[in-house]
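Report on the structure
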There are 4 protein chains.
Amino acid sequence: MADLNVLTGPQVAEHANRDSCWIIVHGKVYDVTEFLDEHPGGARIILKYAGKDATEAYEPIHPPDAITTNLPVSKHLGAIDAGTIVKAVKEVTEEEKQRQVALAARPPVENILNLHDFEVIARAVIPSKAWAYYSSASDDEITIRENRMAFQRVWFRPRILRDVSSVDWSTTILGCKSSLPLYISATALGKLGHPEGELTLTRAAANHGVIQMIATLASCSFDDIMDNAASGQEFFLQLYVNRDREITRKYVQHAEKRGVKGLFITVDAPQLGRREKDMRMKQVDDSASAEVQKGQEVKKDQGVARAISSFIDPSLSWKDIPWFQSITKMPIILKGISTAEDAIFAYEAGVQGIVLSNHGGRQLDTARSGIEVLVEVITALRAKGYHPDPKFEIFVDGGVRRASDVLKAIALGAKAVGVGRAFLYSFCAYGQEGVERAIQIFRDEFEMNMRLLGAKTIDDLVPEMVDASALNQHIVTVPRDNLFESTCELLMFLVLII
Amino acid sequence: MADLNVLTGPQVAEHANRDSCWIIVHGKVYDVTEFLDEHPGGARIILKYAGKDATEAYEPIHPPDAITTNLPVSKHLGAIDAGTIVKAVKEVTEEEKQRQVALAARPPVENILNLHDFEVIARAVIPSKAWAYYSSASDDEITIRENRMAFQRVWFRPRILRDVSSVDWSTTILGCKSSLPLYISATALGKLGHPEGELTLTRAAANHGVIQMIATLASCSFDDIMDNAASGQEFFLQLYVNRDREITRKYVQHAEKRGVKGLFITVDAPQLGRREKDMRMKQVDDSASAEVQKGQEVKKDQGVARAISSFIDPSLSWKDIPWFQSITKMPIILKGISTAEDAIFAYEAGVQGIVLSNHGGRQLDTARSGIEVLVEVITALRAKGYHPDPKFEIFVDGGVRRASDVLKAIALGAKAVGVGRAFLYSFCAYGQEGVERAIQIFRDEFEMNMRLLGAKTIDDLVPEMVDASALNQHIVTVPRDNLFESTCELLMFLVLII
Amino acid sequence: MADLNVLTGPQVAEHANRDSCWIIVHGKVYDVTEFLDEHPGGARIILKYAGKDATEAYEPIHPPDAITTNLPVSKHLGAIDAGTIVKAVKEVTEEEKQRQVALAARPPVENILNLHDFEVIARAVIPSKAWAYYSSASDDEITIRENRMAFQRVWFRPRILRDVSSVDWSTTILGCKSSLPLYISATALGKLGHPEGELTLTRAAANHGVIQMIATLASCSFDDIMDNAASGQEFFLQLYVNRDREITRKYVQHAEKRGVKGLFITVDAPQLGRREKDMRMKQVDDSASAEVQKGQEVKKDQGVARAISSFIDPSLSWKDIPWFQSITKMPIILKGISTAEDAIFAYEAGVQGIVLSNHGGRQLDTARSGIEVLVEVITALRAKGYHPDPKFEIFVDGGVRRASDVLKAIALGAKAVGVGRAFLYSFCAYGQEGVERAIQIFRDEFEMNMRLLGAKTIDDLVPEMVDASALNQHIVTVPRDNLFESTCELLMFLVLII
Amino acid sequence: MADLNVLTGPQVAEHANRDSCWIIVHGKVYDVTEFLDEHPGGARIILKYAGKDATEAYEPIHPPDAITTNLPVSKHLGAIDAGTIVKAVKEVTEEEKQRQVALAARPPVENILNLHDFEVIARAVIPSKAWAYYSSASDDEITIRENRMAFQRVWFRPRILRDVSSVDWSTTILGCKSSLPLYISATALGKLGHPEGELTLTRAAANHGVIQMIATLASCSFDDIMDNAASGQEFFLQLYVNRDREITRKYVQHAEKRGVKGLFITVDAPQLGRREKDMRMKQVDDSASAEVQKGQEVKKDQGVARAISSFIDPSLSWKDIPWFQSITKMPIILKGISTAEDAIFAYEAGVQGIVLSNHGGRQLDTARSGIEVLVEVITALRAKGYHPDPKFEIFVDGGVRRASDVLKAIALGAKAVGVGRAFLYSFCAYGQEGVERAIQIFRDEFEMNMRLLGAKTIDDLVPEMVDASALNQHIVTVPRDNLFESTCELLMFLVLII
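Residues numbered from 1 in each chain as written. Chains lettered and ligands numbered in written order. Predicted model: local features only at pLDDT ≥ 70, side-chain atom pairs only at ≥ 80, totals over all residues. Heavy atoms only, no water.

In the nomenclature of an unreviewed UniProt entry, chain A corresponds to Glyoxylate dehydrogenase from the organism Irpex rosettiformis.

This is the structure we're talking about:
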């Protein structure tokens, strides 16, 4: 078989163009000539590594088995003789140098006081491409901001003189014990921001009894994560449904076999959103390697997000739900519900829960926040007699940065909330240690806030503890408009320039 | 006849003052002495070119036939012997130099990701006079900003798990097929911003199946545009009604004969608004040529807008509608409706549609946005049994920059929306190529947003897909007020200056 | 008599201290020793001019007859021999030099396009003390900003297709013809900002058929203004009621005799507000002359406003109304009503009108704007059958800068509006010419806005032409708060300082 | 006894580590070796002074008797021979030098015009650690800002033509006369900001007939304050309830014996909030003394607030109220009520009053403001027939900076308001003189505002005098979000960098 072959660097280097394109990944040589036009990220990016070792570029964006899964075995040419590769002397960019300085200058992790702090550090220490991918949201980025602001339009009605000498914020989520009323929500491509990627989450979650949701697009492979799990550690699985349902079936059943306790099917992403910050970063990248594209018709301005998501099936519909119920016994949760109508459909379809979510503001801009939708959903389900129902759990995600955000969601009827970017930034900034610090901060905040609310346990969090009457006041803080001022100030200018 | 005459530069140069004023336009010589005081833009601007070739100044502001139409044949003095004109060595201004640098520095058009981007480029590459004319709005420019903000106060209620593998956003507008649920709305004086003016729109529209509305004040003549049309390409006509109805009758009937498919009569501009940014630019211009005005009483601070619009008839009223219906079979649409009352009048007057519009914020400041008026109008028409009615189409314009804006309007009852400035800026920035890129961006956004909304076709866009409850929350972001801070900070100043 | 005496500069100079203090004003010598402690502005400011000519300081703040009225005849010591005064070589301050530069650099008055422009110019060319007095408002200056913002929360519902070839915005106010639906409201101390003071208003008003309201605290005397009036020119009188009613009686009856057509009694100022910007300016002034105050107990931090207003009677009450009705046949208008309750009281007290006003934001901070109160008042009067009533006119003032503001007030039920600061700034910037330009701008704006509204005359302005539903949304734009950001950014700082 | 011992500096200096740690405080030597781990502020801060004189660090944070109370008598080692201590030559830090410059540069206290001014001065002249402790609030500091903004959402409806020649704003609070309708609320650790600490309040209060509430955590001891009281001066006591009720009992009964007239039990602080600004300051401090912590496991990032509050009992509950009623005859007021429900509980528990308060924004973030809660509470109590009731007084605190704030609270039903930070900043800036100036400013503002409101006495302040309809419009001014702008401006950057 090809696996027995051992090839040399110079041999590979001969296949460095569109007509014959070989690349090296993880010590193996592949012939990707015919795959070039099928590559979701475009041919150009592969051609950049034609005849060379592409591992470093490949790794943070693909699960380890992506190439072996997508390429027919006949194209697996064999192993590379490591000694024969001419080590490219990689020039350290100015950005990279600054990044290293920032990394060295990070304050000790104990100095991090809140979840915002991680974002500040992450921005300084991760590559700008990673920042663009993680922080971007769709269109005018109104929904991502609304996610944060919506929580701040819910106000507390704290109760006093209750004995809160001990308070307990642990709960169960889909029957699994959780030390916090939240779970680590799925985020993709963790290795872009930290070499250990999502494993940092896995290890920290194990130490603190928190449940991790594994992303379909994680840069660590599913099995890698499971292999690193502690005994008894619980996981959920986030699923992008593949156009090829067989791939999905295998993936889901494999997950169930390895003990995953809940299947979160993403239903708000028939196509991944246009995230312009991410797309611009791609452009900068493109223009830096302009010589490659001469004379080639290439698809550009896609951004990382769209490049990696072409397999997602836009035809997914309610009709598919019974099929999922037929292939797994895991609880099925629909992630990305935005209306009461769909919440009712979900309940009636017999799934075990829903996540009220706008995908972190990354899909449909000016979609409402999960916390706002929660009020509508609970009201509608209650009217139908569907709520409360211990068999149907309601989650919320988007914009959570404080334990107080979580407590508001629970008071309004959520079982727990998902926290994505905040944990992502925590490991980008400090690796596993950062995630543990983030959990510890949540714990401190839960303790304080439950005491100050007069809530001894999660069950004490009732709707009367919040005033959510301003939640649907959609006053958007629009970006500064200089039009009016330039009208008025031109005259002032005439006076001042004398 | 005069046309047979051939005059020389020195002959013309002798007539360079108020008492005898000849000018050259497009190679012909005209005696404009008696016309000086009738010129809508004032005598002064003509006197600047007395005895000289005025073509360059004339062209972007006037349709080619303006001078021949307005001047009696006896004043058409003949052709100029081109070789005899002393080519004025035109000094390149500092602004012009910067403009050329900016033009050369434009990023490739593929790097444009959204409609805002065109505005950024246009601002950098067009003459400041064009920017002032295009971007200005009336008074405090509150309505122009409200137009944008109003869309951002409408939030989506997207539906999930519908098969959106193929989505279709094409529609028909007044019976014409349109590849997008929008049309290119009329904007004036395109050549101020790009030498090819409105023809860039015509050519791009042809390539993409989009309908162009031709403006009365286009700087390319109506026939020029029609002559450049592709076979089967559809047009609408925007009409400013002339005090001399005969001129209007001819114009309308000529348009109908040439195949125009809809007559959009502007009803919100009995007088053009005071656009101060435009007026200030005129002042700067004036003071640069101050020597001309010595001893002359001249009308100043008019701005381009008012200079070109004196022919518009402020007496236009409902009584005129039957006359329009008598002179054309084209569908008649009233452009500039702002209340439910007038929408009902329009319906009962038997016209074929209305545009809810505040003229891009350029007329009455603090008029409400079209999208807000839409809700009021639909409610009122429905109560009368006038809606829905396929014979009466409702359009909205003002502030549209995203496909999501369009989808909101359609969900709330509009047939399509008009997009003016966004296309204008696209050709100012990149000519025809810019317009095509703008259309492509719209297409990308329509595809994504319809999928994310769960709408397979335009018909799936229903009122329940939006939450417009905040639409009438008229919170204006007023310009920063320094009064309070100067009160508080004076003391701080005393401390700090030590 | 003392008037026959002629004194010399050296003679006066001997009386330059607390024990014997003479001053020269307008060529006359006065012994103010006993008056020192009664001076509303405090003794210190007089002592600064002890033994010297105080005319320049006296003039902008006092009506010409203030000193002769307040000082017993025995203290009128005689005339000064002008040749014997040592002309103080007055040092030109840095501020004054800059002011002169700014004055010379003013753009031509035709370049002024709106009322805001005058404010910009005025700020640059008047002494900072005048700016502080004119522009200041009480406490946190919330109400002064609200006055402007409230108009921007009222939106137009313009009507179309009405024949607006001629529009007429003239009206009558208290039976007097007015070319505009507004009057020049009373503002004090005009000479602080322009040497001709309020006479600039008088002359401009005469030329344009506008009614001027004369202020009790005008720096030109009442008779001076009347003597400069054109034949047939109309005036109103603003009245601060004196503790000594006899003074008030004489003042009112004198005004009536000279033909004043309306008496506007200020009812919102039992005490003048704390205007901190004005008070701070006083402090700066004080510290500049610190040597004077050594060893003296002086009242400080009063500001101009409070210094000049100590005569106002805080006991004024509804019981006084019949007395006013007994001393004059002029229409009586109560200026400074802020509630429906008091509007009803006023109607029932038999006065001829009210001004809904918060005194330009200079009295009670967080009082509501006149335009907001208007809606409440009209509703309440209507419910009582008191509105409409041609014998009871309702005015509004505060924050008016645009004809559109005026039209909104009239649509909502006001007869006319008062414009104070905007005219004040116009003469500060350009004298009489500025006021005329301001009136011309208003005229241009009225013409345009009435056409765009579809209103041919003032009577066409009906409530349905505005949407005032957001008027009582009291969202204050509070000054920027740096607290939160300093919390978040401290950490960032730690990173960046490396 | 140990008290007889006299020890020398060198003797003490030998005990300078974890194994044997002696310190000097107020001339006495203590062995704190065993206390190290019990110290609420952590061992590290003590070890910094091991073997040395700790008085200067001890004093502003502890009441004088803290050490003697907490340490068994056996650890009181004796007196120090003052002459034998090597006076540490304390290096004057850069911050301290700047502070001294700012102190010298303060404007005269008469130049202070409002309460905000004190904050400006205080910030400049107190140590940054004090500023962090005083100004910090919990989490995102939303509630502290809301406290100020909420008052600005209440608007006045002033009445006119009432005889306000004399107005009287004095009142009684819990039966005690008060010259102002407010009291000085408890704030902790006054000596951090001024060497005389809370005594400045005591002396100023005496001079002006204002009631001072003494804080449990005052840096002057309770008796010190009482000993400095004027004859007849009234006090209230703020109480943090100790886990050891006996300590609380003694403290309360001692206070009653010394004449305190009201017991304000803090019920909103079972645990002190996370105030991140304070915590960051602690970190800076820590890293400056990093050498101390080598090899030691120390609790960090606590901040001053949490360090001093570990004795507070989180188990305090309604069940404890009868016990308080059994140990004192003082009126009992519950400080920190935030809901109508708890107000009703309080009334029914038979206490004499409540303070609607969120602890100055320092406890639960996004708790509502006291003034907002007031409307809910008054409505609920009235519905139960519990209001008005002269035996049950309702107070409000948080964000008060103007007399107008106070008047709004009283109009809405409060008996008086508490003012904390504003007085704190006044003594930080100018000592006792500052507090007196603050009181004088309040008096000036009360006089003016009551006149302008048309209220002769406190009883004239009725609900109709305010429009509180916007009070529950929870529009938070969130911090500036740069996300959107960076999306849009990246392209602009590309153009501009050429």
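Right, picking up where we left off after that structure.
Attention now goes to the overall build of chain A. Assigned secondary structure in chain A consists of 20 helices and 17 strands. Sorting the 498 residues of chain A into buried and exposed places 64% on the buried side. Taking as baseline every contact in chain A between residues at least 6 positions apart, the subset at least 24 positions apart corresponds to 76%. For chain A, the accessible surface area stands at approximately 18400 Å², while carbon and sulfur atoms represent 53% of it. (Helix = DSSP H or I, 4+ residues; strand = E, 2+ residues; numbered from the N terminus. Buried < 20%, exposed > 50% of the residue type's maximum accessible area, 1.4 Å probe, protein only. Contact = heavy atoms within 4.5 Å. Areas by Shrake-Rupley, 256 points an atom, 1.4 Å probe, with all protein chains shown as cover.)

Another point: helix H9 (residues 199-208) of chain C. All names here are of chain C. Most of H9 sits inside the fold, with seven of its 10 residues counted as buried. Turning to H9, its buried residues are Leu199, Thr200, Leu201, Thr202, Ala204, Ala205 and His208. Each element contacted by the buried residues of H9 is listed here: strand E9 (182-184), strand E10 (212-214), helix H10 (222-227), strand E11 (235-239) and helix H19 (421-453). Just beyond H9, the residue with positive phi is Gly209, at close to 65 degrees.

The next point concerns the environment of Leu36(A). All names here are of chain A. Locating Leu36 in the fold gives a position in the loop between strand E4 (28-31) and helix H2 (43-47). Spatially, the C-alpha atoms of Leu36 and Asp460 are 58 Å apart, while their sequence positions differ by 424 residues. With residues up to four places along the chain from it excluded, the contact list for Leu36 reads Arg18, Cys21, Gly42, Ala43, Ile46 and Leu47.

In this section: the interface of chain A and chain D. On the side of chain D, 55 residues touch chain A, which itself brings 50 residues to the contact. With both chains or domains summed, chain A and chain D bury close to 4900 Å², and 57% of this area falls on carbon and sulfur atoms. The salt bridge involving Arg157(A) is made with Glu341(D); its shortest N-O contact spans 2.8 Å. For the pair chain A and chain D, the interface holds 16 residue pairs in polar contact (both at pLDDT 80 or more). (Buried area = accessible area lost by both parts, 1.4 Å probe. Salt bridge = Lys/Arg side-chain N within 4 Å of Asp/Glu carboxyl O. Polar contact = N/O pair within 3.5 Å; in protein donor to acceptor, adjacent residues only side chain to side chain.)

Once turned by 90 degrees and shifted 0.0 Å along the axis, chain A lies on chain D with an RMSD of 0.1 Å. Taken together, the rotation angle and the small translation identify this as a four-fold axis. Interface residue correspondence from chain A to chain D reaches only 10%, placing this contact among heterologous pairings that use different surfaces. (Least-squares fit on C-alpha atoms with pLDDT ≥ 70 in both.)

Residues and elements named next belong to chain B. Read across the open sheet, the five strands follow the order E1-E5-E4-E3-E2; overall the sheet is mixed. Edge positions in the sheet fall to strand E1 (6-7) and strand E2 (16-17), since each of these pairs with one other strand and no more. The pairing of strand E4 (residues 28-31) with strand E5 (residues 76-80) spans three bridges and is antiparallel. Residue pairing across strands places Val29 opposite Gly78, the latter belonging to E5. (Pairing = 2+ DSSP bridges.)

Residue and element names in this part refer to chain A. The topology assignment puts Leu103 in helix H5 (residues 94-105). Overall, the relative accessible area of 25% leaves Leu103 in the partly exposed class. In the structure, Leu103 is positioned 287 residues away from Pro390 in sequence and 46 Å away in space, judged by C-alpha atoms.

Looking now at the pairing of strand E14 (residues 353-356) of chain D. Residue and element names in this part refer to chain D. Here E14 shows no split at all, with Gly353 and Val355 on one side and Ile354 and Leu356 on the other all buried. Relative to E14, strand E13 (residues 332-337) is paired through four bridges, and the arrangement is parallel. Looking at E14, one finds that Leu334 is bridged to Ile354. Handedness of the crossover is the feature at issue here: the chain leaves E13, passes through helix H16 (residues 340-348), returns alongside E14, and the resulting connection is right-handed. (Right-handed = clockwise from strand over helix to strand, strands pointing away.)

Where side chains of opposite charge bring their charged atoms close, a pairing between them can arise. All names here are of chain A. Evaluation of the coordinates by the stated rule reveals 97 salt bridges over all chains. Its salt-bridge partner being Glu119, residue Arg401 comes within 3.9 Å of it at the nearest N-O pair. Of this pair, Arg401 sits in the loop between strand E15 (393-397) and helix H18 (403-411) while Glu119 sits in helix H6 (residues 115-125), and the two are 282 residues apart along the sequence. In terms of burial, Arg401 and Glu119 fall into one category: buried.

Glancing now at the packing of aromatic side chains. Under the criterion given, the structure shown has 63 aromatic pairs over all chains. Linked through ring pairs, Trp169(A), Phe423(A), Phe442(A) and Phe446(A) together constitute an aromatic cluster. Sitting over the face of the ring of Phe345(B), Arg159(C) holds its NZ or CZ atom 5.5 Å from the ring centroid. Here the guanidinium or amino end of Arg362(C) rests over the ring plane of Tyr133(C), the centre of that ring lying 4.8 Å away. (Phe/Tyr/Trp six-rings, centres within 6.5 Å; stacked < 30°, edge-to-face > 60°. Lys NZ or Arg CZ within 6 Å of the ring centre and 35° of its normal.)

Once that is clear, we can look at the sheet that holds strand E1 (residues 6-7) of chain D. Backbone hydrogen bonds are what pair the strands of a sheet, in a parallel or an antiparallel way. The five strands are arranged E1-E5-E4-E3-E2 (chain D) in an open sheet whose pairing can be described as mixed. Every interior strand has two partners, whereas the edge strands, E1 and strand E2 (16-17) of chain D, have only one.

Turning our attention to the packing of helix H16 (residues 340-348) of chain C against helix H17 (residues 370-383) of chain C. Residues and elements named next belong to chain C. Two elements in contact, H16 and H17, have axes separated by 8 Å at closest approach and are oriented at 50 degrees. Classified by the angle between their axes, H16 and H17 sit oblique to one another. Where H16 crosses over H17, the handedness of that crossing is right-handed. Facing Ala340, Glu341, Ala343, Ile344 and Tyr347 of H16, the residues of H17 in contact are Glu376, Val377, Ala380 and Leu381. A class-by-class count of the residues in the contact of H16 with H17 yields seven nonpolar, no polar and two charged. (Axes fitted to C-alpha atoms, helices over the stretch in contact; angles between N-to-C directions. Parallel < 35°, antiparallel > 145°, perpendicular 65-115°, else oblique. Left-handed = near helix turned anticlockwise from the far one by under 90°. Nonpolar A, V, L, I, M, F, W, Y, C, P; charged D, E, K, R; others polar.)

Here we come to the domain arrangement of chain A. For chain A, the assigned domains read domain 1 (2-84) and domain 2 (116-487). One C-alpha centre belongs to domain 1 of chain A, the other to domain 2 of chain A, and the line joining them spans 34 Å. (Domains from an automatic or database assignment.)

The next point concerns the pairing of strand E11 (residues 235-239) of chain A. Residues and elements named next belong to chain A. Here E11 lies mainly inside the structure; five of its five residues are buried. Alternating residues of E11 divide into Phe235, Leu237 and Leu239 and Phe236 and Gln238, and every residue in both groups is buried. As paired elements, strand E10 (residues 212-214) and E11 share three bridges and run parallel to each other. Across the sheet, Met213 pairs through a bridge with Phe236, a residue of E11. Considered for its hand, the β-α-β crossover made up of E10, helix H10 (residues 222-227) and E11 is right-handed. Two elements, E11 and strand E12 (residues 263-266), share three bridges in a ladder whose sense is parallel. Pairing of Leu237 across the sheet is with Leu263, part of E12. In this region the chain leaves E11, passes through helix H11 (residues 245-257) and returns to the parallel neighbour E12; the handedness of that crossover is right-handed.

The subject of this paragraph is helix H17 (residues 370-383) of chain B. Residues and elements named next belong to chain B. Across its 14 residues, H17 extends 20 Å between first and last C-alpha, which sits within 8% of the 20 Å expected from 1.5 Å per residue. Of the residues making up H17, those classed as buried are Gly370, Ile371, Glu372, Val373, Leu374, Val377, Ile378, Ala380 and Leu381. Note on H17: the residue one or two positions beyond its end, Gly385, has a positive phi of about 80 degrees. (Expected span 1.5 Å × (residues − 1).)

What follows covers the side chain of Ser357(A). Residues and elements named next belong to chain A. Mapping Ser357 onto the fold places it in the loop between strand E14 (353-356) and helix H17 (370-383). Under the relative-accessibility criterion, Ser357 is labelled buried at 2%. Among the polar contacts made by the side chain of Ser357, one reaches the main-chain amide nitrogen of His359 at a distance of 2.9 Å. For Ser357, the residues in contact, after removing those within four places along its chain, are Asp268, Gly336, Ile337, Ser338 and Asp397.

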